[in-house]
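As a plain string of letters, each chain reads:
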Amino acid sequence: MPKPGHIHETSMLVYAFNEMANNLKASFKALRTQLVYDSLTGLYSREGLIESCENRSKLNGCLYLVGINKFRDINDSVGHYRADKLLVIISERLKALFDDRAMIARIAGDEFAIYLPEDQDAETISLNTTRILQSFGSPFSMGGDNIAISISVGIVTDIEENNMTVWLRNGSIALSNAKRDHTHISHYSPEMADVTLKRTQLQAKIRQAIDLNEFVPFYQPIVELKTGRIVGAEALARWISPTDGLISPLEFIPIAEESGLIGDIGKAILQQACQDTAQGIAEGKWGEDFNLHVNLSVNQLSQPDFIPTLKQVLKETKIEPSRLTLEITESRIVDNDPVIVHNMQSIRDLGVYIAIDDFGTGYSSLAYLHKLPFNCLKIDRTFVNKLEADTLDTSIVAAIINMTQSMNVSLVAEGVETTSQSDMLIQLGCPLGQGFLYSRPVPYEEWPTDLVNMN
């Protein structure tokens, strides 16, 4: 800008423009700092890591993406302020693992990226991964509280792309795969991208199918083993697509659970199943003592609005609460989450029954049984399949039946497929069963099948 002259108005304009230029310069500098660095931890941001790598002639190192497992639960339990402090402590712990050559960034709320620029062999990569995992082995101290954190690690190396954006995309794919793997470690491979694309496409189809009411209940009868009398049915979610027909639950249930859509599917199934049951009892299709079993995901059970939703369903469908049993998979409630236990008690207070599904597959069954309000145990099909006449009295099924004799709960054996299995269950004193021996799951309109009446 020119220097001020002798004319007052011109001088004022020069001063104003100079001040404006300086202010813009300071603002742009501040914006750049916010773009390149994470304001909370002081690490690189995602954009900062990408920009810093643009100046490199070749990306031939190794990228580690570190994701905190279930960070949302941690956030909810300790609060946002303390969760932010925890992220700062985590960033310091990660920086302490490597020297100044490592480029460390916080690329998302609960995800960190570590790029080591040197070429590394498999042994070094394995060693670094172990170091990262071990750094989270000890709890984090937060004002007298110790918070245990588990992580997953996605690893990217040996790709031809010289673009950190692509490396981060591939790392994200590897990290998602690591969170589903029991080791919580995953090395990126090109095949993962195809799998991820298919999962993303299926997830979009599931969302659309929920809006179009394509998820419907199919019913599998629950029978008295001694008499063959039908006492109830389990409502099983099925997806009937106008273009693809009947889609197996094995295809959509895992993705629905992972994406959080299982709650919407479960709500639709619960609503329709209760409506069908009320209609079936009113029309005499099902007996007055008919009991409907509906699967309940932990995602639904942990929602604060689930109990009001359940009350609304009972009110709208006019089904008696005692005619409804909600099934909860055992392996999903072993953590004794206080919210889950509280909601289970609230369900019982409504007069609705609770069944523990797939019983025997959890790792701490006996430890928590006395804490949970339930009315029914469903013996997992794997134990029914292992029944042998020679070892009947020492079988796991026998142990479960003997254990629950004094607990005043109902027992249902799942996966009964042969008459010999039915006979052995009767011999052991198991009262109820369900499985292909009696009927496959069928739509409400097709009930009963030619197999359903065992009398």
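Report on the accompanying structure. For clarity, every value in this text was computed on a predicted model and none was experimentally measured. (Residues numbered from 1 in each chain as written. Predicted model: local features only at pLDDT ≥ 70, side-chain atom pairs only at ≥ 80, totals over all residues. Heavy atoms only, no water.)

1. Let's talk about the overall build of the protein chain
Each helix and strand in the protein chain was counted, giving 16 helices and 16 strands. The C-alpha atoms of the protein chain give 29 Å as radius of gyration, which overshoots the globular expectation for 455 residues (23 Å, by more than 25%). Dimensions of the protein chain, computed from C-alpha atoms along their principal axes, come out at roughly 110 × 55 × 50 Å. The buried share of the protein chain, taken over its 455 residues, is 47%. Put simply, of all contacts in the protein chain between residues at least 6 apart along the chain, 66% involve residues at least 24 apart. One finds the centroid of the 39 positive side-chain charges in the protein chain at a distance of 6 Å from the centroid of its 58 negative side-chain charges. (Helix = DSSP H or I, 4+ residues; strand = E, 2+ residues; numbered from the N terminus. Rg over C-alpha atoms; globule rule 2.2 N^0.38 Å. Buried < 20%, exposed > 50% of the residue type's maximum accessible area, 1.4 Å probe, protein only. Contact = heavy atoms within 4.5 Å. Lys, Arg positive; Asp, Glu negative; His and termini not counted. Charge placed at Lys NZ, Arg CZ, Asp CG, Glu CD.)

2. Some remarks on a negative patch on the surface
A contiguous patch of negative charge on the surface is contributed by Asp119, Asp121, Glu123 and Asp158. Inspection of the secondary structure assignment puts aspartate 121 in the loop between strand S3 (111–116) and helix H5 (122–135). Overall, the relative accessible area of 45% leaves aspartate 121 in the partly exposed class. (Patch = residues over 30% accessible without salt bridge, like charges linked within 9 Å, V, L, I, M, F, W, Y side chains within 5 Å. Areas by Shrake-Rupley, 256 points an atom, 1.4 Å probe, with all protein chains shown as cover. Salt bridge = Lys/Arg side-chain N within 4 Å of Asp/Glu carboxyl O.)

3. With respect to helix H11 (residues 306–317)
Across its twelve residues, H11 extends 16 Å between first and last C-alpha, which sits within 8% of the 16 Å expected from 1.5 Å per residue. Listed as buried for H11 are Phe306, Ile307, Thr309, Leu310, Val313, Leu314 and Thr317. Summarising the axial view, the buried residues of H11 lie within an arc of 160 degrees, below the 170-degree limit, and thus occupy one face. Next to the buried residues of H11 lie helix H9 (262–282), helix H10 (298–301), strand S12 (324–329) and helix H12 (338–349). After H11 finishes, the residue lysine 318 shows a positive phi value of roughly 60 degrees. (Expected span 1.5 Å × (residues − 1). Arc of directions from axis to C-beta.)

4. Section: the pairing of strand S2 (residues 103–108)
Most of S2 is tucked away, with five of its six residues classed as buried. Relative to S3, S2 is paired through five bridges, and the arrangement is antiparallel. Residue pairing for S3: arginine 106 is matched across the bridge by phenylalanine 112. (Pairing = 2+ DSSP bridges.)

5. A few points about the state of the cysteines
Across all of its chains, the model carries zero disulfides by this definition. Counting only cysteine sulfurs, cysteine 430 is the nearest neighbor of cysteine 376, a cysteine outside any disulfide, at a range of 9.4 Å. By relative accessible area, which is 5% here, cysteine 376 ends up buried. (Disulfide = S-S within 2.5 Å.)

6. As for the sheet that holds S3
Spatially, the five strands line up as an open sheet ordered S2-S3-S1-S6-S7, and their pairing is mixed. Bordering the open sheet on either side are S2 and strand S7 (185–187), each of which pairs with just one other strand. Across this sheet, the average inter-strand angle for adjacent strands is 20 degrees, counted without regard to direction. Relative to S3, helix H4 (residues 80–95) is tilted by about 15 degrees, and along the sheet it contacts strand S1 (62–68), S2 and S3. (Axes fitted to C-alpha atoms, helices over the stretch in contact; angles between N-to-C directions.)

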